[in-house]
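# Descriptive structure summary
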Amino acid sequence: MDFIYHLSNASLTLRVVQFLHEYAKLPVQFVTVIHQVDGWVIRIKMNSPLSEEQAGNFRAFLNELGFPYTPGISLKMALWALETGQSMVDVMRRYQVAIVSHGYPNYDDIEAFRKQFIQGLGYCPETLA
């Protein structure tokens, strides 16, 4: 069972990761976080299907923060490559995507990416707020 959502900024992405760490008792297999020019794409893959109630509650939470996202073919291929165990660096080179985190949801990876990106630009774009 997959949930793929588009979120407008880093703060919302961090809220999802925090929710998965602290509140949700969900069978998360892995989380992939990708930064794009217009926002963030987060994919949450479960080890096993959720009950209808769990899935509905989790979708409601995600819908408050973003919207369901259907990735294009290139991003689908990148997500598939990550799922099959290819390295993040190889996937980023091949599909030209900025993979911030893949695996266990990592708050620190997102914060570090955000700080480095802002430092390199010299200002904070809306998507990194």
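Scroll up to find the structure this text is about.
A brief report on the enclosed structure follows.

Procedures and definitions
Here, residues in each chain are numbered from 1, in the same order as that chain's written sequence. With the structure being a predicted model, the display of local features is reserved for residues of pLDDT at least 70 and the display and counting of side-chain atom pairs for 80 or more, all residues being used for whole-chain, interface and lining totals. Side-chain metrics in this entry use all non-hydrogen atoms of the structure; hydrogen atoms and water are not considered. The pairing criterion is simple: DSSP has to find at least two bridges between the two strands. Only DSSP runs of H or I covering at least 4 residues are called helices, and only runs of E covering at least 2 are called strands; the numbering of each starts at the N terminus. Angles shown run from 0 to 180 degrees and are taken between the N-to-C directions of axes, each axis being a line fitted to C-alpha atoms and, for helices, limited to the stretch in contact. Here, residues are in contact when the closest pair of their heavy atoms is within 4.5 Å. Relative accessibility thresholds used throughout: buried, under 20% of the residue-type maximum; exposed, over 50%; partly exposed, between the two (1.4 Å probe, protein chains only).

Take the sheet that holds strand 2 (residues 28-36) next. One open sheet accounts for 5 strands, arranged 4-1-3-2-5; its pairing is antiparallel. The open sheet has two edge strands, strand 4 (66-68) and strand 5 (98-103), and neither has a second partner. Between one strand and the next, the sheet's axes are offset by a mean angle of 20°, whatever the strand orientation. Note that strand 2 and strand 3 (residues 39-46) share 8 bridges and pair antiparallel. Residue pairing for strand 3: H35 is matched across the bridge by W40. Docked against the sheet, helix 1 (residues 10-22) engages strand 1 (2-7), strand 2 and strand 3, running at close to 15° with respect to strand 3. Lying over the sheet, helix 3 (residues 73-83) contacts strand 1, strand 2, strand 3 and strand 5, oriented at roughly 140° with respect to strand 2.

This part is about the pairing of strand 1. Within strand 1, 5 of the 6 residues are buried, which leaves the element mostly enclosed by the surrounding structure. Across 6 bridges, strand 1 lies against strand 3 in antiparallel orientation. Considered in strand 3, the bridge of D2 is made with K45. Both strand 1 and strand 4 contribute to a ladder of 3 bridges, which runs antiparallel. Bridge pairing links L7 to G66 in strand 4.

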